[in-house]
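# Examination of the molecular architecture
Here is what each chain is made of, one letter per residue.
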Amino acid sequence: GIQVEQSPPDLILQEGANSTLRCNFSDSVNNLQWFHQNPWGQLINLFYIPSGTKQNGRLSATTVATERYSLLYISSSQTTDSGVYFCAVLNNAGNMLTFGGGTRLMVKP
Amino acid sequence: DAGITQSPRHKVTETGTPVTLRCHQTENHRYMYWYRQDPGHGLRLIHYSYGVKDTDKGEVSDGYSVSRSKTEDFLLTLESATSSQTSVYFCAISDGRGNYGYTFGSGTRLTVV
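Below you will find a few notes about this structure. Fair warning: this is a prediction, and the values are worked out from it, not measured in the lab.

Before going further, it helps to spend a moment on the overall build of chain A. When its secondary structure is counted, chain A shows zero helices and 11 strands. The secondary structure elements of chain A, listed N-terminal to C-terminal, are β-β-β-β-β-β-β-β-β-β-β. Against the globule reference of 13 Å for 109 residues, chain A gives a C-alpha radius of gyration of 13 Å, in line with a compact fold. Across the 109 residues in chain A, those meeting the buried criterion constitute 51%.

Structural data, given as structure tokens:
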């Protein structure tokens, strides 16, 4: 199956700092999504981004499908950004979303 | 999340007992999924459904069965719970029409003692 690797596994930031999270995947995919799991365990869909660049407030994401990676940018980080960020890719059959191991982010005030 | 609810939110059960978790959606989405989340393994797909009475296995389906008799409900059953099935279970939905964005429920924390 598709392998999804995320880096870094852990990240500690001071409030106001910027960061880049990376997701590499092993095969061509139809669909790539970024999720944020907050400290209460809720999974929130941030972006559906099979290719190109999207922005939503302080967050933006870029996927380069031909090179099999995606980046999530967080600017001017806030303590509420803390949690785990997951990248997930859908196989070409469209029936299985495979998750990476996540990046655990802690933003300190 | 709005449009998808899981029940119960927490459950403690004994080894060998049957357990059923329920996922209910109000979005009329065709696809529904059950995932489990464990430390060191991330989220892994257990079973999914692509329509009423249409289901298929995911990567960790052993010990689990599912049923979908209505569009809005997707049930996950542990026929005889084991300690290895202690986990957090998430249900997800997607419309499956081009934009395959997934929406996840709030999760069910299951402890098998």
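Attention now goes to the overall build of chain B. Scanning chain B from N- to C-terminus turns up zero helices and 11 strands. Whereas a compact globule of 113 residues would reach a radius of gyration of roughly 13 Å, chain B reaches 13 Å, a difference of no more than 12%. The principal-axis extent of the C-alpha atoms belonging to chain B is close to 40 × 30 × 25 Å. Sorting the 113 residues of chain B into buried and exposed places 50% on the buried side. In chain B, 55% of the contacts between residues at least 6 apart in sequence involve partners at least 24 apart.

A few words now on the interface of chain B and chain A. Contacts between the two partners involve 18 residues from chain B, matched on the other side by 15 residues from chain A. Here chain B packs against chain A, burying approximately 1,500 Å² in sum over the two surfaces, 57% of which is carbon and sulfur. Our enumeration of links across chain B and chain A arrives at zero salt bridges. Here chain B is connected to chain A by six residue pairs in polar contact (both at pLDDT 80 or more).

Here we take up the state of the cysteines. A complete count under the given rule lists two disulfides over all chains for this structure. Two residues, Cys23 of chain A and Cys87 of chain A, share a disulfide whose sulfurs are 1.9 Å apart. On the sign convention where negative is left-handed, the bridge of Cys23 of chain A and Cys87 of chain A, at about -55° about the S-S bond, is left-handed. With Cys23 of chain A in strand β3 (residues 19-25) and Cys87 of chain A in strand β9 (residues 83-90), this pair connects stretches of sequence that are 64 residues apart. One disulfide in the model links Cys23 of chain B with Cys91 of chain B; its S-S distance is 1.9 Å.

Looking now at the sheet that holds strand β7 (residues 59-64) of chain A. The strands making up a sheet are joined through hydrogen bonds of the backbone, oriented either antiparallel or parallel. All names here are of chain A. Sheet architecture is open: five strands sit in the order β1-β3-β8-β7-β6, paired in antiparallel fashion. At either end of the open sheet lies a strand with only one pairing partner, and these are β1 (4-7) and β6 (52-56). Each strand axis lies, on average, 15° off the axis of its neighbour in the sheet, ignoring direction.

Where a protein is soluble and globular, its nonpolar side chains tend to be buried together. Residue and element names in this part refer to chain A. Ranked by internal contacts, the top residues of the largest apolar core, which has 22 residues, are Phe25, Leu32, Trp34 and Leu72. Contributions of two or more residues to this core are made by β2 (10-14), β3, β4 (31-37), β5 (43-48), β7, β8 (69-74), β9 and β11 (103-108). Excluding residues within four positions of it along the chain, Phe25 makes contact with Ile2, Gln3, Val4, Leu32, Thr63, Ala65, Arg68, Tyr69, Ser70 and Val89.

Here the focus is the side chain of Asp38 of chain B. Residue and element names in this part refer to chain B. Within the fold, Asp38 resides in strand β4 (residues 31-38). Note on Asp38: relative accessible area 10%, which makes it buried. Engagement of the side chain of Asp38 in a polar contact is seen with the side chain of Arg36, the distance being 2.8 Å. Within polar-contact distance, the side chain of Asp38 engages the side chain of Ser87 at 2.7 Å. Ignoring anything within four residues of it in the chain, the contact list for Asp38 reads Arg44, Thr86 and Ser87.

Residue and element names in this part refer to chain B. Tallying each qualifying case throughout the model produces five salt bridges over all chains. Close ionic contact of Asp73 with Arg22 constitutes a salt bridge, the shortest N to O distance being 3.1 Å. You can see Asp73 sitting in strand β8 (residues 73-78) and its partner Arg22 sitting in strand β3 (residues 19-25), a full 51 residues away along the chain. Its relative accessible area of 34% is what places Arg22 among the partly exposed residues. Note that Asp38 is salt-bridged to Arg36, the shortest N-O span being 2.8 Å. Judged by relative accessible area, Arg36 falls into the buried class, the value being 8%. Through salt bridges that share partners, Arg22, Lys70 and Asp73 make up one connected network.

What counts, and at which threshold
Residues numbered from 1 in each chain as written. Chains lettered and ligands numbered in written order. Predicted model: local features only at pLDDT ≥ 70, side-chain atom pairs only at ≥ 80, totals over all residues. Heavy atoms only, no water. Helix = DSSP H or I, 4+ residues; strand = E, 2+ residues; numbered from the N terminus. Rg over C-alpha atoms; globule rule 2.2 N^0.38 Å. Buried < 20%, exposed > 50% of the residue type's maximum accessible area, 1.4 Å probe, protein only. Contact = heavy atoms within 4.5 Å. Buried area = accessible area lost by both parts, 1.4 Å probe. Salt bridge = Lys/Arg side-chain N within 4 Å of Asp/Glu carboxyl O. Polar contact = N/O pair within 3.5 Å; in protein donor to acceptor, adjacent residues only side chain to side chain. Disulfide = S-S within 2.5 Å. Pairing = 2+ DSSP bridges. Axes fitted to C-alpha atoms, helices over the stretch in contact; angles between N-to-C directions. Core = buried A, V, L, I, M, F, W, Y, C linked by side-chain atoms within 4.5 Å.

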